[in-house]
Amino acid sequence: MTSATVQENIVEDTANSQPTETMKAAVIRQFGDVDVLQYEEIDTPKPKPGHILIKVLAAGINRLDHYLREGSVVPELPFPHILGADAVGEVVVLGESVTNVKIGERVIPAPGFPLKEEDDHIRPAVTAPSFALPGLHIWGSYAQYMEVPARWVVKDDTGLTPEEVATLPVVLATSVRSVKEVGEVKAGDKVLIHAGASGSGSMQIQVAKALGAQVATTVRDDAKGEYAKSLGADLVINTRKEDFVEQVKAWTGGQGADVVIDNLGGDVLPKSIDAVRPLGTVVVYGFVAGTQTTFDITKFYFAQKKLRGSMASDPENLAWGLEQIRTGRIKPTLDRTLPLSQAAEAHRLIATNQVTGNIVLLPWAD
Ligand SMILES: NC(=O)c1ccc[n+]([C@@H]2O[C@H](COP(=O)([O-])OP(=O)(O)OC[C@H]3O[C@@H](n4cnc5c(N)ncnc54)[C@H](OP(=O)(O)O)[C@@H]3O)[C@@H](O)[C@H]2O)c1
């Protein structure tokens, strides 16, 4: 039986069931190595007015979760804490005054939202004072149940399996934001996207292709290069063998890329600035290669290049991305599933760069 079939059966068996008083969750009570992720029994949340409880069918993992667990990006978390921004689940309890969803519906929580309704209009949403990312500001999806504001879920009409859907919210919505909104990529552009087999890179390649751009991407391993090609990359550069600035210059007739999406940061960023054309845009999105760098500012401003940050996403970005999923222009990038009890192993795979696309936890598979 495939993992998809197993999961479909689990979903059928548990549909519309009442939540239990306690639930299994991968809980962290301190920062540290992967072993701080403890699989344990913890009280099931009771939804506040305006919130719902969902039974988590599948929970996606992002590299952010690894940084949060280490304690390297956010110095304080209210412990005990449950990580995980990505989920798909069935509505099992409606908090007071919830009318927009029904018990038993399958929903996808937005990957970040304002908690206070008075902030709902603020864009970018991440600048709202009450902005919350599940798994950071509130408990997340590494659990059998998850509480979310009812107004920040979308119905899952993708037709995909839960584990495929769980790969999507963060990488899909933030890729749309970084490539389409911040990078302003359009048809005919030549775009360089770093780490093309990563969770984010694999989605950004597809967003850029859906917009009609040509895509060059970097990897450090030929097998990951083949994967990036299968997603539509026109040029794959293995940076262990080739210099990406030279390759992009050759690909663009000496000009440089119109847009570079830099998921790596560190000492890669100055080279990304070299690889973009005069007046072109470098979008700073991640820092896998480091948070610090130096660069020659004359190379940057003489050619009037733009350096723009892209962080989190707006509900409109998720909606646009899900429309591409429904029409098949963008596909989920599921690497593998693991039972929730193996959350520590999943983090070890991410920390050692062994994931292609996205890895997903199944809270009901144990
Ligand atoms: N701005 C936002 O809204 C946003 C949203 C999501 C993620 N992010 C950030 O984006 C970055 C990528 O996240 P992700 O979840 O996509 O990561 P991921 O799936 O874990 O993939 C990261 C990949 O980077 C490559 N890599 C690792 N170290 C490297 C190095 N020193 N030099 C070059 N490549 C290296 C590895 O691929 P190879 O082995 O193939 O090289 C690795 O698989 C992270 O910094 C994350 O925090 C930002």
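Right, let's walk through the structure included here. Everything numeric in this text was worked out from a predicted model, so none of it was measured.

**Looking at the packing of helix H4 (residues 169–182) against helix H10 (residues 315–326)**
Now for step 1: Two elements in contact, H4 and H10, have axes separated by 8 Å at closest approach and are oriented at 100°. With respect to H10, the axis of H4 lies roughly perpendicular. Contact residues: Pro-169, Leu-172, Ala-173, Val-176, Arg-177 and Glu-181 in H4; Asn-317, Leu-318, Trp-320 and Gly-321 in H10.

**Concerning the pairing of strand E18 (residues 358–362)**
Now for step 1: E18 sits mainly inside the fold: five of its five residues count as buried.
Now for step 2: The side-chain alternation of E18 yields two buried faces, one formed by Asn-358, Val-360 and Leu-362 and the other by Ile-359 and Leu-361.
Now for step 3: Where strand E3 (residues 51–60) meets E18, two bridges bridge the pair, whose relative direction is antiparallel. Within the sheet, the bridge partner assigned to Ala-59 lies in E18 and is Leu-361.
Now for step 4: Where strand E17 (residues 334–339) and E18 come together, five bridges link them in parallel fashion.

**Comments concerning the nonpolar core**
One broad trend across soluble globular proteins is that nonpolar side chains are buried collectively.
Now for step 1: In terms of nonpolar packing, the biggest core is built from 101 residues, with Ile-54, Tyr-142, Val-191 and Ala-208 touching the most fellow members.
Now for step 2: Inspection of this core shows a minimum of three residues originating in each of domain 1 (3–168 + 333–362) and domain 2 (172–309).
Now for step 3: Not counting residues up to four positions away in its chain, the partners in contact with Val-191 are Val-185, Ala-208, Ala-213, Val-215, Ala-257, Asp-258, Val-259 and Ile-261.

Rules of the game
Note on numbering: residues in each chain are counted from 1, in written sequence order. Per-residue local features of the predicted model are confined to residues with pLDDT of at least 70, and side-chain atom pairs are confined, for both listing and counting, to 80 or more; whole-chain, interface and lining totals are unaffected and use all residues. Think of each axis as a best-fit line through the C-alpha atoms, taken over the contacting stretch in the case of a helix, with angles from 0 to 180 degrees between the N-to-C directions. Strands here mean DSSP runs of E at least two residues long; helices mean DSSP runs of H or I at least four residues long; both are numbered from the N terminus. Our angle categories are set so that under 35 degrees counts as roughly parallel, over 145 as roughly antiparallel, 65 to 115 as roughly perpendicular, and the remainder as oblique. Here the contact rule is simple: place C-beta atoms from the backbone, and any two residues whose C-beta atoms are within 7 Å are in contact. Residues with at least 20 neighbouring C-beta atoms inside 10 Å of their own are called buried, those with 12 or fewer are called exposed, and the rest are partly exposed, where every C-beta is derived from the backbone. Any two strands with at least two DSSP-identified bridges between them are counted as paired. Linking buried Ala, Val, Leu, Ile, Met, Phe, Trp, Tyr and Cys residues through C-beta atoms within 7 Å yields a set, and such a set is a nonpolar core. The split of the chain into domains comes from an automatic or database domain assignment.

Fair warning: the whole summary comes from geometry, so function is off the table for now.
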